[in-house]
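# Descriptive analysis of the structure
One-letter residues, chain by chain:
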Amino acid sequence: NIDSEKLNIFYFNVGQADCTLITLNNKNILIDSGNKSDGNYIVEFLKEKNLETIDYFIITHGDLDHSGGASIILNNCNIKQVFMPEGIKEANDIYLELKTLSSRKDIQFSKVEENDKFYLDKANFEVLSVKNNTNNTANESSIVIKLNYLETSYIFMGDATQSIEKEMQCDKVDVLKVGHHGSDSSTSSEFLNMIKPTYAIISAGNNANYNHPSERVLQRLKDANIQENNIYIAKNQGTIWINSDGKSIDIQTRKDINLDGTGQISKVDIFNICSFFNHTNGSFLVC
């Protein structure tokens, strides 16, 4: 069960896509929404955990592996505020679709700028990068945030590229959510030397077209003194679940939390193999 008095971060296994849940004392941030096929899985997890109210829904950029499940989530959860880069040509259709849906459901759809700060109980987060109304690619427009919780810190990179990393200023962080699924176009050695993470989390699936994460990125992480057993890859280890009291960080891997709608295991198989959700008593079971 989730200890709501601690910071919990779920880096969900959504295959070749991205979705992260941050929860603290009944305050919730959802970063990205996976592919469209992941949307119902994400909603069901949130409902089973009684986390249907999302204070901040951050859609880092318009690529469908980050925004595809957003309309399902907007239609089925209580969303207070949505952030998404605006004015990005190659993501304009999905931006307009989600903005229109949010307006229809009376959800605040907000523009954010670099250095904007927001609060989540005893935690706070800051926008380190976002590109609005520019000719940047969707990846370059990604909302990048740094979350601080007492003595611990976490950075979430979206699909930000090395060119964006060069523009950013950031102190040391404990946990890096690696940019762009571990693609070689992100996570430069210079950036790693600036933020000096202890842990690295990579959301990547078994998609041969991308072959993420890049071996070069994995080597750069190791060269930056991240121990190999502190590098977590969702396609290998499942959902990565962090909880922290603000001083120490505990990490567990949960192959039973599989929200990948295009994955190797169908929803029926998840119920049969893992008893994923027990609808009789509402409990969340482990394989």
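Okay, so let's go over this structure. (Residues numbered from 1 in each chain as written. Predicted model: local features only at pLDDT ≥ 70, side-chain atom pairs only at ≥ 80, totals over all residues. Heavy atoms only, no water.)

## Side note on the overall build of the chain
From N to C terminus, the chain includes nine helices and 19 strands. For the chain, the residues scored as buried account for 59% of the 287 residues in total. For the chain, restricting intrachain contacts to residue pairs at least 6 apart in sequence, the fraction spanning at least 24 positions comes to 61%. Accessible area for the chain stands at about 12400 Å²; split by element, carbon and sulfur atoms hold 40% of it. (Helix = DSSP H or I, 4+ residues; strand = E, 2+ residues; numbered from the N terminus. Buried < 20%, exposed > 50% of the residue type's maximum accessible area, 1.4 Å probe, protein only. Contact = heavy atoms within 4.5 Å. Areas by Shrake-Rupley, 256 points an atom, 1.4 Å probe, with all protein chains shown as cover.)

## Regarding the pairing of strand 11 (residues 144–149)
Within strand 11, five of the six residues are buried, leaving the element largely enclosed by the surrounding structure. Where strand 10 (residues 123–129) meets strand 11, six bridges bridge the pair, whose relative direction is antiparallel. Residue pairing across strands places Phe125 opposite Leu147, the latter belonging to strand 11. Here strand 11 runs beside strand 12 (residues 152–156); their pairing, made up of five bridges, is antiparallel. Its bridge partner being in strand 12, Lys146 is matched across the sheet by Ile155. Hairpin connection, strand 11 to strand 12: the antiparallel pair is bridged by two residues, and Leu150 has positive phi, about 50 degrees. (Pairing = 2+ DSSP bridges.)

## A closer look at the side chain of Asn243
Mapping Asn243 onto the fold places it in strand 16 (residues 239–244). In contact with Asn243, other than residues within four places in its own chain, are Lys6, Leu7, Asn8, Ser248, Ile249, Asp250 and Gln252.

## Section: the packing of aromatic side chains
Counted according to the given criterion, the structure contains eleven aromatic pairs. Aromatic ring contacts, followed pair by pair, group Phe10, Phe12, Phe45 and Trp241 into a single cluster. (Phe/Tyr/Trp six-rings, centres within 6.5 Å; stacked < 30°, edge-to-face > 60°.)

## Side note on the environment of Leu96
Along the polypeptide, Leu96 turns up in helix 4 (residues 92–104). For Leu96, a relative accessible area of 42% corresponds to the partly exposed category. Taking the C-alpha atoms as reference, Leu96 lies 9.1 Å from Glu86; in sequence the two are ten residues apart.

## Some thoughts on the nonpolar core
Counting 36 residues, the largest nonpolar core has Phe12, Phe57 and Ile79 as the members making the most contacts within it. Where this core is concerned, the elements lending two or more residues are helix 1 (39–48), helix 3 (70–76) and helix 4. Broken down by element, this core gets its largest block of residues, five residues, from helix 1. When near neighbours in sequence (up to four residues on either side) are disregarded, Ile79 contacts Ile54, Phe57, Ile73, Leu74 and Ile107. Formed by 31 residues, the second largest nonpolar core is a distinct cluster that contains Leu7, Ile31, Ile143 and Tyr149. (Core = buried A, V, L, I, M, F, W, Y, C linked by side-chain atoms within 4.5 Å.)

## Focus on the sheet that holds strand 3 (residues 27–31)
Spatial ordering of the open sheet is given by 8-7-5-3-2-1-16-17, a layout of eight strands whose pairing is mixed. The open sheet has two edge strands, strand 8 (108–110) and strand 17 (249–254), and neither has a second partner. In this sheet, adjacent strand axes meet at a mean angle of 15 degrees when their direction is disregarded. Pairing geometry for strand 1 (residues 7–11) and strand 16, over five bridges, is antiparallel. Bridging across to strand 16, Tyr11 finds its partner in Ile240. (Axes fitted to C-alpha atoms, helices over the stretch in contact; angles between N-to-C directions.)

## Thoughts on the sheet that holds strand 10
Here seven strands make up an open sheet; going across it, the order is 9-10-11-12-13-14-15 and the pairing mixed. Looking at strand neighbours, the two that pair on one side only are strand 9 (117–120) and strand 15 (231–233), the edges of this open sheet. In this sheet, neighbouring strand axes are inclined to one another by 20 degrees on average, regardless of whether the strands run parallel or antiparallel. Looking at chain direction, strand 13 (residues 175–177) and strand 14 (residues 199–202) are connected through three bridges and run parallel. Across the sheet, residue Lys177 finds its bridge partner in strand 14, namely Ile201. Strand contacts of helix 7 (residues 215–223): strand 13, strand 14 and strand 15, with the helix running at about 155 degrees to strand 15, the strand carrying the most contacts.

## Section: the pairing of strand 16
Counting buried positions along strand 16 yields six of six residues, so the element is predominantly enclosed. Side chains Thr239, Trp241 and Asn243 of strand 16 all project onto a buried face; the interleaved residues Ile240, Ile242 and Ser244 project onto the opposite face, where all are buried too. Relative to strand 17, strand 16 is paired through six bridges, and the arrangement is antiparallel. Each residue of the ladder has a partner; that of Asn243, found in strand 17, is Asp250.

None of the figures reported here should be taken as evidence of function without further support.
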